[in-house]
Amino acid sequence: MTEVPEHLLRRARERRAAAAGGSAEGEASTPSAAVEPAGGGGGAVATPASAAAAVPAPEPAYTGPPQAPPRRQRVPAWAMPVIVALPLWAVLYGGAFGERKVAAVGKVAQGQAVYASAGCSGCHGPTGAGSGQFPSLHNVTKTFPTFAEHVAWVETGSAPYKGQTYGNSGRVAIGGMPAFGKALSPEEIVAVVCHERVDYGNQNPIPPECLDTVAGAPGEGASGSGG
């Protein structure tokens, strides 16, 4: 069999490529899917570089000694003076805005002691509920709408009103209410009236006389009994 010269084969390929719209050079530049190794024979087909790249193995799990937990963030230096000053600020705030309330609580508490020691609880009961001819103090603010009326009643007792109605109660005085004007000091009368009006009469807002830190003059206090 006669061998065809190489240049004739090349020209034939170029003509076929030109007829197909391609080029012999593009055909020649296309890589083969497989390249036969030199020396012939049934050698292994070469693998593309992208396929031959090895997949990285995962990192092994940590098997060393246990690690210490992360340290907590320390309090910033600027926050320490603020933390130290908070209790002092609370005391100053309470002193500036809580004085009237503290004064009222103090007078009401004093009145509770006077109410028990002066014998008011013996007639009107330890809870001010009254009993029999002794009226309840739970409506004392209706009986004596003003603080001054309540004080006058406690100081003079019911003797000046015997057989007459007293206060705004519509009740007739029977003369059983003793006078405490000499038995108690003006300060004690103010305190016990504060106790009766605030604790039993539920007066709200608290009477100004109970918020005053200076003891009132005679006639400004109140009584420990209302009947």
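Summarised in this report is the structure supplied together with it. Keep in mind that this is a model prediction, so the values were computed, not measured. Throughout this document, residue positions are counted from 1 along each chain, in the order its sequence is written. Only residues with pLDDT of 70 or above have their local features reported here, since the model is predicted, and side-chain atom pairs are shown and tallied only from 80 upward, although totals for entire chains, interfaces and linings are computed over all residues. Note that water and hydrogens are dropped before the side-chain values are worked out from all heavy atoms of the structure.

**Section: unusual backbone geometry**
Thinking step 1. Going from N204 to P205, the amide bond is cis rather than trans, its omega being 10 degrees.
Thinking step 2. Checked against the element boundaries, P205 lands in the loop between α9 (186-200) and α10 (208-211). The secondary structure listing takes helices from DSSP runs of H or I that are at least 4 residues long and strands from runs of E that are at least 2 residues long, numbered from the N terminus.

**Some thoughts on α9**
Thinking step 1. Under the 1.5 Å per step criterion, the end-to-end length of α9 is 21 Å for 15 residues, consistent within 8% with the ideal 21 Å.
Thinking step 2. Each residue gets one of three labels from its accessible area relative to the maximum for its type: buried under 20%, exposed over 50%, partly exposed in between, using a 1.4 Å probe on protein chains only. Within α9, eleven of the 15 residues are buried, which leaves the element mostly enclosed by the surrounding structure.
Thinking step 3. All of the buried residues along α9 are I189, V190, A191, V192, V193, C194, H195, E196, R197, V198 and Y200.
Thinking step 4. In the segment just after α9, N202 is the residue with positive phi, at about 55 degrees. By this rule, a helix spans an expected 1.5 Å times one less than how many residues it contains.

**Notes on helix α8 (residues 147-156)**
Thinking step 1. For α8, the full list of buried residues reads F147, H150, V151, W153 and V154. Along the long axis of α8, the arc covered by the buried residues comes to 160 degrees, so they all point the same way.
Thinking step 2. Tucked into the core, α8 has its buried residues touching α7 (140-143), α9 and α10.
Thinking step 3. Just downstream of α8 lies G157, where phi reads positive at about 75 degrees. What the arc measures is the spread of directions leading from the helix axis to the C-beta atoms. Contacts between residues were defined by any pair of non-hydrogen atoms, one from each residue, lying within 4.5 Å.

**Topic: the packing of aromatic side chains**
Thinking step 1. Between 30 and 60 degrees the pair is tilted, below 30 it is stacked and above 60 it is edge-to-face, where a pair is any two Phe, Tyr or Trp rings, Trp via its six-membered ring, whose centres lie within 6.5 Å. Inspection of the entire model under this criterion finds five aromatic pairs.
Thinking step 2. Pairing Y115 with Y200 gives two aromatic rings, centres 5.6 Å apart and planes at 65 degrees, and the pair type is edge-to-face. In this pair, Y115 is assigned in helix α5 (residues 99-117) and Y200 in helix α9, connecting sequence segments 85 residues apart.
Thinking step 3. Taking the relative accessible area as the measure of exposure, Y115 reaches 3% and is therefore buried.

**Structural notes on the state of the cysteines**
Thinking step 1. Criterion for a disulfide: a pair of cysteine sulfur atoms within 2.5 Å. Inspection of every chain in the model, using the stated rule, returns one disulfide.
Thinking step 2. Each disulfide pairs two cysteine sulfurs, and for C194 the partner residue is C210, the sulfurs being separated by 2.0 Å. Between C194 and C210, the S-S dihedral sits near -105 degrees, and the bridge is therefore left-handed. On the criterion of sequence distance, the pair formed by C194 in helix α9 and C210 in helix α10 is long-range, its members being 16 residues apart. Across the pair, exposure class does not vary: C194 and C210 are buried alike.
Thinking step 3. Here C123 is not cross-linked by a disulfide; its sulfur's nearest cysteine counterpart is in C120, at 8.0 Å.

**Some words on the environment of P135**
Thinking step 1. Of note, P135 is situated in the loop between α6 (120-124) and α7.
Thinking step 2. Linking P135 and H124, residues eleven residues apart in sequence, is a C-alpha distance of 6.7 Å.

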